[in-house]
Amino acid sequence: MIKLTDLLSKISEQHDLRIAVPAGYDRLISRADLLQTDLIPDAETLYLCTDTALLQNHTVIEKLSALSVPPLILTDCREEFLLPVIRAEKIPDVHALFRTILECLKFEDRLQKEINDLYHLLYTGRGLEGIVKQAETFLNRPISVLDAGYGMIAVSPMMLQLPFGVETSGTGHFLNAREVESLRRLQIENQIYQNNQAFFVQTEDHPETNWIFCAIRIQHVMSGYVAVCLPDQAKATEHELRLTTAFADICAVEMQKHDFFIQRTGLQYETFFSELIEGRYSNIKMIESRFKVLNHHLGKFFCLAVLYCTEPHNSELFNQRQMASLRKIYPNSMSVVYKNDIVLLLNQDQPVLLNQALTDPLEQFALHNHLKVSLSQPFADILKLSIFYEQAKNTLELSDISGSDQLLFFSTEVLPEYLFSKCDYKELETGIHYHVFQLQDYDREYHTEFITTLRAYLTHDRNAAKTAEFLHIHRSTFFYRIKKVEELLDISITDSRLLFLYELSFKIWDYLSK
């Protein structure tokens, strides 16, 4: 079957017709027939007619009027008739048009049968491997199914014969590093995340092949993708694109079934991790033993990430899928949903370095799943985990106050603000050095710019040249202003203790101004 609007769109394009579909006529069509007096009426049939006499024939009218659903008749006749019709501009050859419609219906029947056969495999217990092999039979193309960590969880026989892309470790197949880099550099990975249907790509890295990609989504979470390889001269057909889209949906069902009943979800340590966050443990030996029971190794260095979903979803499965993906990105980590946020514990034997190698995957994950992420400072005492959770959580809250459109936030970058948030407003206000207020009053009375100059000097690493360039003034003007500040406040601009207090004062000032 095919929707009437889709069918008419196809034949309009092929025969250069203009067809107007009355409101309420969009229904499924399973057959087509030429309108004749000996017709057998059917509500799912599209009738073609260029003979005005047939539309006025009492026998035809009586048969079609007996249907509970109005018949669908395509004609280029302009007269008014008792039967409702779909009008087209002049049809050049009704028989050629009829053949086109039959071909469209035959195509839809074949496609639907293949999709049904693939869905049927969900109940046979053959798993993704069986489904992939059958899809390869229908498409006659190499196919692979990859998870979010680039592991090939199912590979068709033809795909294994390709001379590139696949590397084997033990019994598993993986996309090699070169191919992962190619996906990112050519922004194909972003397209996979952004598209809900299969799409065609010609890659410059592999001029001998073209590709079809389609995301596998479970509860709107990108859990993997399908890759179909085409020869370099081949363009993706409608059949290949639509079957690949349906195949990706079927993979999502199979993967979801597998995750629920076979793979661990991470909820086995939910209580333990939640108690760690709440600071309920005071014995490191007990924590270490709990890690071992849960088949985890307690490392020496840690860092916490708090992930906040910016789009409401109200789905426990959504959280579980995200946690599973995070654990693949960061081995030996723990993740749990705590107070509506996902909390990730990075747990390793080497010091945690907040460099791009560590944070880029997390930022990409946040981008593709509509999340904001804050990272605590790295720490080495697991007993202080609850303190660093509060730090990361507070950093996330500070990001909302700032209105920043960033996705990844570091607690190390907002340490003063974090400390300020723990203080009473009036107490915090007293932390602003009185010299700042004196300069503010002087500027207001004499229309000078000493506050702006001092602040720019501190912001630009106490560098005179950079400050003058930023303020668009001559260096001599800058030094004049600084000299006046020294005289007004009876200070030396080389006093590092005072300059630190001024910097702190400006940070407090900014924080209180938000």
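Residues numbered from 1 in each chain as written. Predicted model: local features only at pLDDT ≥ 70, side-chain atom pairs only at ≥ 80, totals over all residues. Heavy atoms only, no water.

Novice: Describe the state of the cysteines, and please don't skip the residues or the numbers.
Specialist: Scanning all chains against the criterion turns up zero disulfides. Here Cys214 stays unpaired: no disulfide links it, and the sulfur of Cys251, its closest cysteine neighbor, is 9.2 Å away. A relative accessible area of 1% means that Cys214 is categorised as buried. By relative accessible area, Cys251 is classed as buried at 0%. (Disulfide = S-S within 2.5 Å. Buried < 20%, exposed > 50% of the residue type's maximum accessible area, 1.4 Å probe, protein only.)

Novice: A description of helix H5 (residues 127–139) should follow, citing residues and the corresponding values.
Specialist: The end-to-end C-alpha distance of H5, which contains 13 residues, comes to 19 Å, matching closely the 18 Å that a straight helix rising 1.5 Å per residue would cover. The set of residues buried in H5 consists of Gly127, Leu128, Gly130, Ile131, Val132, Ala135, Glu136, Phe138 and Leu139. Asn140, located one to two residues past H5, shows a positive phi value of around 55°. (Helix = DSSP H or I, 4+ residues; strand = E, 2+ residues; numbered from the N terminus. Expected span 1.5 Å × (residues − 1).)

Novice: How would you explain the packing of aromatic side chains if you had to name every residue and give the values?
Specialist: By the definition in use, this model includes twelve aromatic pairs. Measuring from centroid to centroid gives 4.4 Å for Phe379 and Phe388, while their planes differ by 5°, and the two rings are stacked. Given the relative accessible area of 6%, Phe379 is considered buried. Of the residues examined, Phe388 reaches a relative accessible area of 16% and is grouped as buried. Here the aromatic rings of Tyr457 and Phe478 are separated by 5.6 Å at their centres, their planes lie at 40°, and the arrangement is tilted. Here Tyr457 is found in helix H18 (residues 450–459), whereas its partner Phe478 is found in helix H20 (residues 475–489), with 21 residues between them in sequence. The exposure class of Phe478 is buried, given its relative accessible area of 2%. (Phe/Tyr/Trp six-rings, centres within 6.5 Å; stacked < 30°, edge-to-face > 60°.)

Novice: Provide a residue-level description of the side chain of Thr244, including the pertinent values.
Specialist: Here Thr244 lies in helix H9 (residues 238–261). Residue classification places Thr244 among the buried residues on the basis of a relative accessible area of 1%. For Thr244, the side chain forms a polar contact with the main-chain oxygen of Glu240, separated by 2.6 Å. Ignoring any residue separated from it by four or fewer positions in sequence, one finds Thr244 in contact with Leu139, Ala198, Ile212, Cys214, Val226 and Val228. (Polar contact = N/O pair within 3.5 Å; in protein donor to acceptor, adjacent residues only side chain to side chain. Contact = heavy atoms within 4.5 Å.)

Novice: So, the environment of Thr137: which residues are in play, and what are the values?
Specialist: Position of Thr137 relative to the elements: it lies in helix H5. With a relative accessible area of 57%, Thr137 lands in the exposed category. Separated by 284 residues in sequence, Thr137 and Ser421 place their C-alpha atoms 62 Å apart.

Novice: Give me the lowdown on the nonpolar core, citing residues and values where you can.
Specialist: In this structure, Leu118, Ile143, Val145, Ile216, Val226 and Phe247 are the most contacted members of the largest nonpolar core, which totals 33 residues. Every element with two or more residues in this core is listed here: helix H4 (94–120), H5, strand E8 (143–147), strand E13 (209–218), strand E14 (221–231) and H9. It is H9 that provides the largest number of residues to this core, a total of eight residues. Residue contacts for Phe247: discarding those within four places in its chain leaves Leu118, Ile131, Val132, Ala135, Ile143, Val145 and Val226. Core analysis: the next-biggest nonpolar cluster, separate from the first, contains 30 residues, Val436, Phe450, Leu458 and Leu498 among them. (Core = buried A, V, L, I, M, F, W, Y, C linked by side-chain atoms within 4.5 Å.)

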